Amino acid sequence: MTVVPTPLRDIAKVVRSKNAGPFEITLDIIFKDRADFDTVRKSGVITKELVSSLYNVPTQSIITFGFFELVNAVKITLPRPRPQGGKRL
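Residues numbered from 1 in each chain as written. Predicted model: local features only at pLDDT ≥ 70, side-chain atom pairs only at ≥ 80, totals over all residues. Heavy atoms only, no water.

Enquirer: Would you explain the overall build of the protein chain in this entry?
Expert: Summing up its helical and strand segments, the protein chain has three helices and four strands in all. Start at the N end of the protein chain and walk to the C end: the helices and strands fall as α-β-β-α-α-β-β. Taking the principal axes of the C-alpha coordinates as reference, the protein chain spans close to 55 × 25 × 20 Å. Looking at the protein chain as a whole, 27% of its 89 residues qualify as buried. If you take every contact in the protein chain between residues at least 6 apart in sequence, the share linking residues at least 24 apart comes to 45%. Carbon and sulfur atoms provide 56% of the accessible area of the protein chain, an area that totals close to 6,500 Å². Treating the 14 positive side-chain charges of the protein chain as one cloud and the 8 negative ones as another, the clouds have centres 10 Å apart. (Helix = DSSP H or I, 4+ residues; strand = E, 2+ residues; numbered from the N terminus. Buried < 20%, exposed > 50% of the residue type's maximum accessible area, 1.4 Å probe, protein only. Contact = heavy atoms within 4.5 Å. Areas by Shrake-Rupley, 256 points an atom, 1.4 Å probe, with all protein chains shown as cover. Lys, Arg positive; Asp, Glu negative; His and termini not counted. Charge placed at Lys NZ, Arg CZ, Asp CG, Glu CD.)

In C-alpha cells form, the structure reads like this:
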C-alpha cells in the first residue's frame, strides 16, 4: 500500500513569511488543529535540513527552528540573503 503525502496547504491554516528586521526573515506554519500539528511533528518531515536545502542556508545559520504546541505552529527564522532597506545602487 502506497501512502500519499498530504499537501501542506490542506492541513495548514496559515503559511507565511514575514520581515523580522533588515537581516532576518521568519516563516510560520500554523496548523488547523492539534492532530495535524502532532502528525507533522512526529513524522520528521519538516526539519532544519529540509529548510536548509529549500532556502540554500547552512543549517548552522538557521536562527530559530521550533515546534510550538501552544499555537500548533512551526516557526523558522533565517538570515536574509541580503539586507533589506538599504540604498539601491
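Enquirer: Would you mind showing me how to read the pairing of strand β1 (residues 12-19) here?
Expert: In regular strands, side chains alternate between the two faces of the sheet. As paired strands, β1 and strand β2 (residues 24-31) are joined by seven bridges and run antiparallel to one another. Residue pairing across strands places valine 15 opposite isoleucine 29, the latter belonging to β2. (Pairing = 2+ DSSP bridges.)

Enquirer: Looking at this structure, how should I read the pattern of salt bridges?
Expert: It is possible for side chains of opposite charge to pair when their charged atoms get near one another. What the rule picks out here adds up to seven salt bridges. Of the charged contacts, one joins aspartate 38 and arginine 34 as a salt bridge, the two residues approaching to 3.1 Å between their closest N and O atoms. In this pair, aspartate 38 and arginine 34 both sit in helix α2 (residues 34-43), four residues apart, roughly one turn of the helix. On the basis of relative accessible area, aspartate 38 is assigned to the buried category, the value being 17%. The partly exposed category is assigned to arginine 34, whose relative accessible area is 36%. Arginine 34 is the salt-bridge partner of glutamate 69, the closest N and O atoms lying 3.2 Å from each other. Here glutamate 69 is found in the loop between β3 (64-68) and β4 (73-79), whereas its partner arginine 34 is found in helix α2, with 35 residues between them in sequence. (Salt bridge = Lys/Arg side-chain N within 4 Å of Asp/Glu carboxyl O.)

Enquirer: Help me out: how do you make sense of the side chain of aspartate 28 in this one?
Expert: Position of aspartate 28 relative to the elements: it lies in strand β2. Judged by its relative accessible area of 5%, aspartate 28 falls in the buried class. Of note is the side chain of aspartate 28, whose polar atom sits 3.1 Å from the side chain of lysine 18. In contact with aspartate 28, not counting residues within four places along its chain, are Val14, Val15, Arg16, Lys18, Val74 and Lys75. (Polar contact = N/O pair within 3.5 Å; in protein donor to acceptor, adjacent residues only side chain to side chain.)

Enquirer: What am I meant to see in the pairing of β4 here?
Expert: Most of β4 is tucked away, with five of its seven residues classed as buried. Relative to β4, β2 runs antiparallel, the two being bridged by seven bridges. Across the sheet, residue glutamate 24 finds its bridge partner in β4, namely proline 79. Here β3 runs beside β4; their pairing, made up of five bridges, is antiparallel. Counterpart to phenylalanine 68 in the pairing with β4 is alanine 73.

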